[in-house]
Amino acid sequence: MRHQEMIATAHKGLLIGPSPLLHHSPAARRAVLEGVVLTCWGPVGAALNKVAVVGPSPCLGRVLELAADFFGADSGGFGIVVEADAGQAIEAELRAAGWKVFEDEPALVLSVIPPAPPMPAGLEVKRIRNADDRRDLLRVLVDGFGAPTAEGGTELSPEAFDSAAPSTACALDPEVALLLGYVGGKPVASAMLFRVGRIAGITGVTTIPAYRRRGLATALTWEALRAGAALGCTCATLAALGASYDLYRKMGFIHVCNHRAYRRADP
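Residues numbered from 1 in each chain as written. Predicted model: local features only at pLDDT ≥ 70, side-chain atom pairs only at ≥ 80, totals over all residues. Heavy atoms only, no water.

A. Representation of helix α3 (residues 89-96) within the structure. When α3 is considered as a whole, its buried residues turn out to be I90, E91 and L94. End-on, the buried residues of α3 take up no more than an arc of 105°, which puts them together on one face. Facing away from the buried side of α3, by more than 90 degrees, are the exposed residues A89 and A96. Buried residues along α3 sit against β3 (50-53), α2 (60-71), β4 (79-83) and β11 (254-263). In the stretch just after α3, G98 is the one whose phi turns positive, near 85°. (Buried < 20%, exposed > 50% of the residue type's maximum accessible area, 1.4 Å probe, protein only. Helix = DSSP H or I, 4+ residues; strand = E, 2+ residues; numbered from the N terminus. Arc of directions from axis to C-beta. Contact = heavy atoms within 4.5 Å.)

Now the structure itself:
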């Protein structure tokens, strides 16, 4: 896979492809307008609500008009995501208008999904199938992403996690795999797989603080890749920050670009 093809894979899998996760969130909406992809997960603000501009697009003023109509007053705001330093006119416009960067995430691609290695001893991985499993997932997400980490934690409250996290129906979607890792019967790690065409999108990889540095996040990522391969995916993409960046690079992922998110500066 050539470099530009890998960039296109990252854009499709992470930003502009129709993720099946959206189908199972009552508040979620997606639209493609004038080359701009708008995704709203509900009243959670710029942490999740994004306008993706990674190709030819209208000027910033027009993008803001589209976003204002799409998101409305109750969404809590939105961010605008571009391919960082790719020469897009809109990024220069955002900077000139005083918008501030709040995320600058490396996008990584695995061009071929290899066979997964054996799991660490003592780790059991299961797919979420019911409401009890989902509650375990929420606890892992809140503890894993909410605790201080090299990734900088999260802006979302437990209530926002609950509203934005995949539903039990989503867990049963054949295009999705929601995975939990258990050690001694305790849920301690997670990973999510969603299929976008032949791309395995990986997200939600985390480990609760007391169980970090045991290779669990790596193992859950391999299990998500295994699930993607079983669905016919031939490549994979994910976003990585902090310590997870080196983890994924060791697995064979290649850093192909950054997805940089801007939001309005506080008045």
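B. View of the nonpolar core. By size, the foremost hydrophobic cluster in this structure holds 49 residues, and its most contacted members are L225, Y248 and F253. With eight residues, the top contributor of residues to this core is helix α7 (residues 216-230). In this structure L225 touches L110, I113, I202, A236, M251 and F253, once residues within four positions along its chain are discounted. L60, A67, F70 and V82 belong to the second-largest nonpolar core, a separate cluster that totals 19 residues. (Core = buried A, V, L, I, M, F, W, Y, C linked by side-chain atoms within 4.5 Å.)

C. Up close: the pairing of β4. Taking burial as the measure, the five residues of β4 include five buried ones, the bulk of the element. Where burial is concerned, the two faces of β4 agree: the one with G79, V81 and E83 and the one with I80 and V82 are both buried. Taken together, the four bridges between β3 and β4 define a ladder with parallel strand orientation. Bridge pairing in β4 links V53 to V82. Read as a crossover between parallel neighbours, the route from β3 over α2 to β4 is right-handed. (Pairing = 2+ DSSP bridges. Right-handed = clockwise from strand over helix to strand, strands pointing away.)

So, to be careful, I would describe these as geometric facts and stop short of saying anything about function.
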